[in-house]
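# A look at the structure
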Amino acid sequence: MKTREYKVENHTIGQTSRPFIIAEVSGNHNGDLRRALDIVDMVAESGAQAVKLQTYTADTITINSNRPEFMISKDHPLWGGKNLYQLYEEAHTPWEWHEEIFSRARSKGLVPFSSPFDSTAIELLESLDAPLYKVASLEIGDLPLLRRIARTGKPVILSNGAASMTDMDRAIRTIREEGNDQIVLLACTSSYPASPSESNLRTIPVLANAFDIQIGLSDHTMGIGAAIAAVAMGATVIEKHVTLSRADGGVDSDFSLEPHELSALVTESEVAWLSMGSPSLKVTDGESESLRLRRSLYVVEPVKKGDLVTASNVRSIRPAGGLEPDMFDTVVGRPFTADCQPGTPLTWAVV
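What this report covers is the structure whose coordinates are included nearby. (Residues numbered from 1 in each chain as written. Predicted model: local features only at pLDDT ≥ 70, side-chain atom pairs only at ≥ 80, totals over all residues. Heavy atoms only, no water.)

## Remarks on the nonpolar core
Counting 72 residues, the largest nonpolar core has Val43, Leu185, Ile238, Leu262 and Leu265 as its most contacted members. Examining the composition of this core, we find that six residues originate from one element, helix α1 (residues 33-46), more than from any other. When neighbours within four sequence positions are excluded, Ile238 is seen to be in contact with Phe20, Ile21, Ile22, Leu217, Ala227, Ala230, Val231 and Leu265. By size, the runner-up hydrophobic cluster in this structure holds 13 residues, among which are Leu297, Val314, Cys340 and Leu346. (Core = buried A, V, L, I, M, F, W, Y, C linked by side-chain atoms within 4.5 Å. Buried < 20%, exposed > 50% of the residue type's maximum accessible area, 1.4 Å probe, protein only. Helix = DSSP H or I, 4+ residues; strand = E, 2+ residues; numbered from the N terminus. Contact = heavy atoms within 4.5 Å.)

Listed below in structure tokens is the structure:
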């Protein structure tokens with residue numbers, strides 16, 4: 001059964017199109033609108049199709065509390081010692097920036113969209129005519145939020161970081177129950193940065209078979225290796241965090257791609273997709289010249305009519321044109337029926 005493909009503006013998400021590359025800005029704007037716009041420009045230059053924001057404020061996603069439940073573990077490599085409110089206050093994209101960022105993205109041919117974290121965020125994104133939505137991994141269990149997103153009728157991209165099969169099934173059923181079957185599930189390891197050994201990309205075909213939807217990868221590993229491997233496993237969407245330079249800092253900069261890396265991802269993911277080909281074993285159009293150069297039996301010494309075929313005057317060499325090499329034992333000792341010069345293909349016309 002062929003999994004349904006989805007149209008997003010001028011792009012198709014599915015196996016028949018190159019991978020849909022999403023560049024996640026997240027908090028790498030570092031509180032500077034100009035930098036956010038520069039990131040959008042960089043994404044456009046890379047050849048990626050989409051740029052994504054996260055639409056929340058610290059107050060819409062959490063509360064300012066230092067209770068243990070609200071504290072990030074002290075040994076966290078990036079955000080240790082902060083409470084959630086402090087992290088999100090630093091990382092959020094101001095709502096008043098959204099319209100300008102969306103406008104810049106569209107002017108550059110990009111698909112702009114976002115992850116909303118509450119109803120007010122959905123309202124903002126609907127006012128900007130967002131063409132699709134992303135549900136962050138840790139919101140997969142917020143079924144009321146999923147219902148509100150599903151009711152927009154737009155495609156929904158859902159990350160599965162830290163989620164069980166039950167969580168995924170319940171989320172997908174919830175979206176489908178609202179009449180929306182345009183769902184992409186992203187395999188995701190919800191750690192920052194993530195270790196490639198925990199990516200478990202072999203789950204991609206398993207998820208595709210389990211839910212009959214497009215599967216992608218939301219990748220938090222360093223570099224592009226895991227993302228390229230995911231395409232080879234059948235991923236049709238790749239999401240990576242991006243920045244202008246990791247040296248500039250930022251809440252997600254350590255595991256974000258720089259411009260040259262994003263460009264390489266776009267190029268190499270398409271190479272991986274093209275290389276998948278089809279499961280049919282046949283000679284390709286590009287192999288026609290090689291097929292012409294395969295070994296066959298040729299006359300390699302001058303012979304006269306009546307001479308016998310020997311290992312000295314007939315050999316298996318390149319190119320094709322003569323009898324198959326395995327026919328030598330059949331023709332050895334037989335007389336030539338015509339004079340032949342070296343380079344004459346040995347065929348039944350001359351022996």
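## Some thoughts on the pairing of strand β8 (residues 183-188)
β8 sits mainly inside the fold: six of its six residues count as buried. In β8, alternate side chains face the same way, and those of Ile183, Leu185 and Ala187 on one face and Val184, Leu186 and Cys188 on the other are all buried. Of the strand pairs in this sheet, β8 and strand β9 (residues 214-219) are connected by five bridges, and their pairing is parallel. Its bridge partner lying in β9, Cys188 is registered against Ser218. (Pairing = 2+ DSSP bridges.)

## Notes on the pattern of salt bridges
Counted according to the given criterion, the structure contains 15 salt bridges. With a shortest N-O distance of 2.9 Å, Asp219 and Lys240 are connected by a salt bridge. One end of the pair, Asp219, is in strand β9; the other, Lys240, is in strand β10 (residues 237-241), with 21 residues separating them in the sequence. The pair formed by Asp219 and Lys240 is uniform in burial state, with each residue classed as buried. (Salt bridge = Lys/Arg side-chain N within 4 Å of Asp/Glu carboxyl O.)

## Digging into the packing of aromatic side chains
In this description, an aromatic ring pair is defined by two values, namely the gap between the centres and the angle between the planes. All chains considered together, the criterion is met by three aromatic pairs. Geometrically, the ring pair formed by Tyr56 and Tyr88 is edge-to-face, given 5.6 Å between the ring centres and 75° between the ring planes. With Tyr56 in the loop between β4 (50-55) and α2 (58-61) and Tyr88 in helix α3 (residues 84-91), this pair connects stretches of sequence that are 32 residues apart. Both residues of the pair, Tyr56 and Tyr88, count as buried. A centroid spacing of 5.5 Å and a plane angle of 45° characterise the contact between Tyr192 and Phe255, whose relative ring orientation is tilted. On the criterion of sequence distance, the pair formed by Tyr192 in the loop between β8 and α8 (203-211) and Phe255 in the loop between β10 and α10 (259-276) is long-range, its members being 63 residues apart. Judged by relative accessible area, Tyr192 falls into the partly exposed class, the value being 22%. Residue Phe255 is classed as buried on the basis of its relative accessible area, which comes to 2%. (Phe/Tyr/Trp six-rings, centres within 6.5 Å; stacked < 30°, edge-to-face > 60°.)

## Overview of unusual backbone geometry
Glycine aside, residues mostly have negative phi, and peptide bonds are mostly found in the trans state. Looking along the chain, the bond that leaves Tyr192 and enters Pro193 is cis, with omega of -5°. Relative to the assigned elements, Pro193 resides in the loop between β8 and α8. Going from Arg318 to Pro319, the amide bond is cis rather than trans, its omega being 10°. With respect to the secondary-structure elements, Pro319 resides in the loop between β12 (314-317) and α12 (328-331). With a phi close to 50°, Ser26 is a non-glycine residue in the positive phi region. Its place among the elements puts Ser26 in the loop between β3 (20-24) and α1. We classify Ser26 as buried; its relative accessible area is 5%. With phi around 55°, Asn30 is a residue other than glycine that occupies positive phi space. With a relative accessible area of 35%, Asn30 lands in the partly exposed category.

## Side note on the environment of Ile183
With respect to the element layout, Ile183 can be found in strand β8. A residue is classified by how much of its surface remains accessible, and Ile183, at 0% relative accessible area, is buried. Separated by 32 residues in sequence, Ile183 and Ile215 have C-alpha atoms that sit 8.8 Å apart. Setting aside residues no more than four positions away along its own chain, Ile183 makes contact with Tyr6, Val156, Ile172, Ile175, Arg176, Ile213 and Gln214.

## Structural notes on the packing of α1 against α10
For any two helices packed against each other, the geometry comes down to the angle between their axes and how far apart the axes lie. The geometry of α1 relative to α10 is characterised by a closest axis approach of 9 Å and an angle of 35° between their N-to-C directions. The chirality of how α1 crosses α10 is right-handed. In this structure, α1 contributes Met42, Val43 and Ser46 to the contact, and α10 contributes Pro259, Leu262, Ser263 and Val266. When the residues that make up the contact of α1 with α10 are grouped by side-chain class, the tally is five nonpolar, two polar and no charged. (Axes fitted to C-alpha atoms, helices over the stretch in contact; angles between N-to-C directions. Left-handed = near helix turned anticlockwise from the far one by under 90°. Nonpolar A, V, L, I, M, F, W, Y, C, P; charged D, E, K, R; others polar.)

## Regarding helix α9 (residues 225-232)
Among the residues of α9, Ala226, Ala227, Ile228, Ala230 and Val231 are the ones counted as buried. Turning to α9, the residues buried within the fold contact α8, β9, β10 and α10. Looking at the residues trailing α9, positive phi occurs at Gly234, about 110°.

## Some remarks on the environment of Trp95
With respect to the element layout, Trp95 can be found in helix α4 (residues 95-107). Judged by its relative accessible area of 23%, Trp95 is partly exposed. A C-alpha to C-alpha distance of 12 Å links Trp95 and Thr60, two positions 35 residues apart in sequence. Among all residues touching Trp95, those that are not within four sequence positions of it are Thr55, Tyr56, Thr57, Asp118, Thr120, Ala121 and Leu124. Reaching out from Trp95, the side chain makes a polar contact with the backbone oxygen of Tyr56 at a distance of 3.4 Å. (Polar contact = N/O pair within 3.5 Å; in protein donor to acceptor, adjacent residues only side chain to side chain.)

Keep in mind that these numbers describe shape and distance, not what the molecule does.
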